[in-house]
Amino acid sequence: MPTAKWTCGPATRAACTTCRRATRCKLRAQFRTDQDGNYRFWSIKPTFYPVPGDGPVGRMLDKMGRHLNRPGHMHMMLNAPGHERLVTHIFVKDSPYLDSDAVFGVRNSLIVEFPKHPPGKAPDGREMKKPYYTAKYDFRLVPSAR
């Protein structure tokens, strides 16, 4: 079965496998898909943030007249027997800086809608007292040449 790793934030620390074992959360988790390759998890909607501006990258961006911001995104690393490892990320469609990512990582195929839902029953059946977001993305793995 494929394995997906994902970056988590402060709101999801209790669910992160490495966070439960470590004193400091390493902001990672690991999941396995079901037999059909489906996966689900709870996280927070990613938001934009700046890359560090006090090192060589910050100085380079400053000299280029560029900002330090990355659009909201979530990193993923996927593995499956007989397939090449995929390391990528998905971007929030309505995030600022999609057209000017500080590290030029945005691709149209990686931009994902995060529709907002009113309080009520979530896709997994739990009752949500506050509005929440969902996202859907189908990753495609390339068969390994080995």
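Structure first, text after, so check above.
Only a predicted model underlies this, so the values are computations on that prediction, with no experimental measurement involved.

S.K.: Please set out the overall build of the chain residue by residue, giving values where relevant.
M.R.: Looking only at helices and strands, the chain has 2 helices and 11 strands in total. Listed by position from the N terminus, the elements making up the chain come as β-α-β-β-α-β-β-β-β-β-β-β-β. Relative to its full complement of 146 residues, the chain shows a buried share of 30%. Here the contacts in the chain between residues at least 6 apart in sequence split such that 49% fall between residues at least 24 apart. Entry remark: accessible area of the chain is about 10100 Å², with carbon and sulfur atoms responsible for 54%.

S.K.: So, the pattern of salt bridges: which residues are in play, and what are the values?
M.R.: For the structure shown, the criterion picks out 4 salt bridges. Put simply, Asp 94 and Lys 45 hold a salt bridge, and the shortest N to O gap is 3.4 Å. Linking Asp 94 in the loop between strand 6 (86–92) and strand 7 (111–112) with Lys 45 in the loop between strand 2 (29–32) and strand 3 (49–50), this pair joins segments that are 49 residues apart in sequence. We note a salt bridge from Asp 101 to Arg 70, for which the minimum N-O separation is 2.8 Å. Note that Asp 101 is positioned in the loop between strand 6 and strand 7 and Arg 70 in strand 4 (residues 69–70), a separation of 31 residues in sequence. Each member of the pair, Asp 101 together with Arg 70, is buried.

Thresholds, definitions, all that
Throughout this description, residue numbers start from 1 for each chain and increase along the sequence as written. Local features in a predicted model are, by the rule used here, given only for residues with pLDDT of at least 70; side-chain atom pairs are given and counted only at 80 or more, and totals for whole chains, interfaces and linings are based on all residues. In computing side-chain properties, one takes all heavy atoms of the structure into account and sets aside hydrogens as well as water. Helix and strand assignments come from DSSP, with helices taken as H or I runs of at least 4 residues and strands as E runs of at least 2, each series counted from the N terminus. Summary of the burial criterion: residues with accessible area below 20% of their type's maximum are buried, those above 50% are exposed, and those between are partly exposed, where the area comes from a 1.4 Å probe applied to protein chains only. Any pair of residues with heavy atoms lying within 4.5 Å of one another is described as a contacting pair. In short, Shrake-Rupley with a 1.4 Å probe defines the accessible areas, and a residue's cover is counted only from the protein chains shown. Here, a salt bridge means any side-chain nitrogen of Lys or Arg that lies within 4 Å of a carboxyl oxygen of Asp or Glu.

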